[in-house]
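# Analysis of the macromolecular model
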Amino acid sequence: MFDVVVVGGGPAGSYTAYQLAKSGLTVLVLEDHKTIGKPRFCTGVIGKEAFNRFDLPKESIQKEIKEAKFYSPLGSILKISRDKTEAYVVDRTIFDQGIAHKAMDEGASYLLSTRCYDIDIRDDHVRVRIETRGGKFVFKAHVCVLAAGINYRFHEKLGIGKPVNFLDCAQTELPARDFFGMEIYLGTEIAPESFAWAVPVSSDSVRVGVSTTKNNSLYFLKKLLQKDFIRTRIDKIDKRDIQIKRKIIPYGIVNKSYGNRLIVVGDSAAQTKPTTGGGIFNGLICSSIATETIISAFEKGGFGHKNLKSYESLWKRQIGHDMRMGLYARKIFKQFADSHIESLLRLCNINEMHSIIKKFADFDKHSCFLVEFMKQPIFWKYLLFKAPGLKL
Ligand SMILES: Cc1cc2nc3c(=O)[nH]c(=O)nc-3n(C[C@H](O)[C@H](O)[C@H](O)COP(=O)(O)OP(=O)(O)OC[C@H]3O[C@@H](n4cnc5c(N)ncnc54)[C@H](O)[C@@H]3O)c2cc1C
């Protein structure tokens with residue numbers, strides 16, 4: 001019998017496994033793919049703070065980001081630049097494998113090509129049923145950590161909250177030049193109710209993607225790749241060599257992320273930023289809280305609701321406010337026409353607003369900046385006059 005079985009070897013699952021194994025618990029990680037970190041589909045932008053706060057694999061860093069430019073569909077540009085590095089672009093395969101290796105070095109066991117198909121919570125243990133190389137087996141543990149990303153097949157049975165909001169994303173990586181910082185493209189014809197991006201990976205390649213609340217990111221990405229501001233900087237390649245991948249990002253605050261002998265982390269609990277959809281930093285924060293909760297449950301000798309409940313209150317206390325503010329910002333932004341986006345970017349370029357952005361904009365915590373922005377009378381004047389009729 002293991003102390004903990006972790007379902008899913010992504011960053012949230014492996015970081016939880018790493019910390020639990022480090023504390024001396026016996027940990028088994030189940031991952032359905034045959035290689036950790038493959039296939040991976042992510043832009044890989046992670047704030048510098050994540051690397052300061054957590055023990056992350058620095059060898060995965062491909063590029064440092066100091067600048068972000070936001071483009072309105074009607075011509076305005078908002079540039080935010082810093083002297084120091086704000087974020088890193090990482091290779092997700094190396095990143096995920098680096099965390100998994102740290103977990104293995106601490107003694108965690110990994111079973112790859114192993115799909116968990118059932119989680120059965122009993123009074124005195126958890127039974128995790130798996131399928132691997134044609135065989136079916138059962139593992140027993142005191143606690144199960146569900147870190148299966150966007151696989152929500154166990155949630156209903158386990159009485160866990162499922163996310164209700166999703167961003168549909170499509171992304172490709174292409175040989176390119178003259179992309180220096182992050183570029184964010186806004187507009188109802190570019191990325192309905194969300195945004196598109198170009199993120200340099202090196203001096204000669206870029207990740208270009210689109211997220212939208214509609215179910216057609218692929219269509220919008222293909223259109224984006226034809227736009228002059230992208231097309232002219234992409235090296236000529238055969239259309240057939242362009243590999244576009246598609247995936248959803250969950251967002252919103254789920255109702256319940258724990259149960260008897262069960263804790264849910266990462267995308268499985270929709271612990272992403274509603275503004276950008278980034279989920280790695282929040283997943284790491286929550287995996288640390290999950291670890292503390294599980295270690296404390298082992299000390300108390302009980303793994304029921306009562307001892308695991310603090311997980312949910314603690315993570316919601318740490319990132320819940322930011323998530324709520326992000327959801328509110330998204331609710332307003334969803335109603336914006338292109339003319340509103342243009343006025344907003346013009347407003348952001350006014351000196352007093354630009355200095356607020358420079359002072360308070362933080363790669364990971366968006367609520368400070370949003371609150372400061374909302375404190376400005378000029379912001380509300382703008383909303384009332386330039387975008388009347390918005391549901392606030
Ligand atoms: C296009 C796109 C761009 C993104 N860009 C960024 C970004 O720049 N920055 C950022 O912070 N976030 C970004 N994200 C979000 C980020 O990728 C996720 O938040 C993050 O991967 C979540 O980590 P996780 O460990 O919770 O889940 P995952 O990384 O999805 O890992 C879950 C693992 O569990 C495995 N699994 C699932 N079911 C089972 C099962 N039954 N049995 C065994 N194994 C199972 C899966 O195969 C997978 O390996 C992006 C997402 C998308 C779609």
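Before going into details, it helps to say that this report is about the structure given with it.

Conventions used here
- Position numbers for residues start from 1 in each chain and track the written sequence from start to end.
- Per-residue local features of the predicted model are confined to residues with pLDDT of at least 70, and side-chain atom pairs are confined, for both listing and counting, to 80 or more; whole-chain, interface and lining totals are unaffected and use all residues.
- Secondary structure elements follow DSSP: runs of H or I no shorter than four residues count as helices, runs of E no shorter than two count as strands, and numbering proceeds from the N terminus.
- Radius of gyration here uses only the C-alpha atoms, and the compact-globule reference equals 2.2 Å multiplied by the residue count raised to the power 0.38.
- Here a residue counts as buried when 20 or more other C-beta atoms fall within 10 Å of its C-beta, as exposed when 12 or fewer do, and as partly exposed in between; the C-beta atoms come from the backbone.
- C-beta atoms are first placed from the backbone for all residues, and any pair lying within 7 Å is then listed as a contact.
- A set of buried Ala, Val, Leu, Ile, Met, Phe, Trp, Tyr and Cys residues, joined to one another through C-beta atoms within 7 Å, is what we call a nonpolar core.
- Whether two strands pair depends on DSSP finding at least two bridges between them.
- Fitted lines through C-alpha atoms serve as axes, helices being fitted only where they are in contact, and the angles separating the N-to-C directions of these axes extend from 0 to 180 degrees.
- Note on definitions: a residue is near a molecule or strand provided its C-beta atom, placed from the backbone, lies within 6 Å of it.
- Residues were grouped as follows: Ala, Val, Leu, Ile, Met, Phe, Trp, Tyr, Cys and Pro as nonpolar; Asp, Glu, Lys and Arg as charged; and all remaining residues, including Gly, as polar.
- Note that the domain bounds reflect an automated or database-derived domain assignment.
- Each crossing is labelled by how the near helix is turned from the far one, with a counterclockwise turn of less than a right angle marking it left-handed and a clockwise turn marking it right-handed.
- With the strands aimed away from the viewer, a crossover counts as right-handed if its path from the first strand over the helix to the second runs clockwise.

## Notes on the overall build of the protein chain
When helices and strands are counted, the protein chain shows 12 helices and 18 strands. What you see for the protein chain is a C-alpha radius of gyration of 22 Å, in line with the 21 Å of a compact globule of 392 residues. With the C-alpha coordinates of the protein chain rotated into their principal frame, the extents come out at 60 × 50 × 35 Å. Burial status across the protein chain gives 44% buried among its 392 residues. Counting only contacts in the protein chain whose residues sit at least 6 apart along the sequence, the fraction spanning at least 24 positions is 70%.

## Points about the nonpolar core
Across soluble globular proteins, nonpolar side chains have a tendency to be buried as a group. If you look at the biggest cluster of nonpolar residues, it comprises 100 residues, and the most contacted ones within it are V4, V5, V7, V27, C144, V145 and I263. Ranked by the residues each element gives to this core, the list is headed by helix α7 (residues 280-300), at nine residues. In contact with C144, not counting residues within four places along its chain, are V5, V7, I119, V126, V128, R261 and L262.

## Looking at the sheet that holds strand β16 (residues 245-251)
Sheet architecture is open: seven strands sit in the order β6-β5-β13-β14-β15-β12-β16, paired in mixed fashion. Whereas interior strands pair on both sides, the edge strands pair on one side only; in this sheet they are β6 (77-81) and β16. Across the sheet, the mean angle from the axis of one strand to that of its neighbour is 20°, orientation sign disregarded. As judged from the six bridges shared by strand β14 (residues 196-202) and strand β15 (residues 205-212), these two strands associate in the antiparallel manner. Note that in β15 the partner of V199 across the bridge is R207.

## So, the sheet that holds strand β3 (residues 45-47)
Taken together, the three strands give an open sheet; going across it, the order is β3-β7-β4, and neighbouring strands pair in antiparallel fashion. Two strands close off the open sheet at either side, each with one partner strand: β3 and β4 (61-65). Across the sheet, the mean angle from the axis of one strand to that of its neighbour is 30°, orientation sign disregarded. As judged from the four bridges shared by β4 and strand β7 (residues 87-90), these two strands associate in the antiparallel manner. For I61, the partnering residue across the bridge sits in β7 and is V90.

## Describing the site of the ligand
Taken together, 38 residues lie near the ligand, and G8, G10, G149, G266 and G279 sit nearest. A per-class count over the shell around the ligand returns 15 nonpolar, 18 polar and five charged. Each of domain 1 (2-69 + 90-164 + 252-327) and domain 2 (165-249) contributes no fewer than three residues to the shell around the ligand.

## Details of unusual backbone geometry
Look at the link from K38 to P39: it is a cis peptide, with omega at -10°. A positive phi angle is found at D178, which is not glycine, with a value near 65°. With respect to the secondary-structure elements, D178 resides in the loop between β12 (165-175) and β13 (182-185). By C-beta crowding, D178 is classed as exposed, having 11 other C-beta atoms within 10 Å. The phi torsion at E193 lies on the positive side, around 60°, for a residue other than glycine. Secondary-structure assignment places E193 in the loop between β13 and β14. Look at E193 and you get partly exposed, because 15 C-beta atoms sit within 10 Å.

## Comments concerning the packing of helix α1 (residues 11-22) against α7
One way to put it is that α1 packs onto α7 with a least axis distance of 8 Å and a crossing angle of 35°. In this structure, α1 meets α7 at a crossing whose hand is right-handed. Here α1 contributes P11, A12, Y15, T16, Q19 and L20 to the contact with α7, which in turn contributes I280, G283, L284, C286, S287, S288, A290, T291 and I294. Here the residues of the contact of α1 with α7 are counted per class, giving nine nonpolar, six polar and no charged.

## Examining the pairing of strand β1 (residues 2-7)
With five of its six residues buried, β1 lies for the most part within the structure. When β1 meets strand β11 (residues 135-146), the two strands line up parallel, connected through five bridges. The residue of β11 that forms the bridge with V4 is V143. Across four bridges, β1 lies against strand β2 (residues 27-30) in parallel orientation. If you follow V6 over to β2, its bridge partner there is V29. Read as a crossover between parallel neighbours, the route from β1 over α1 to β2 is right-handed.

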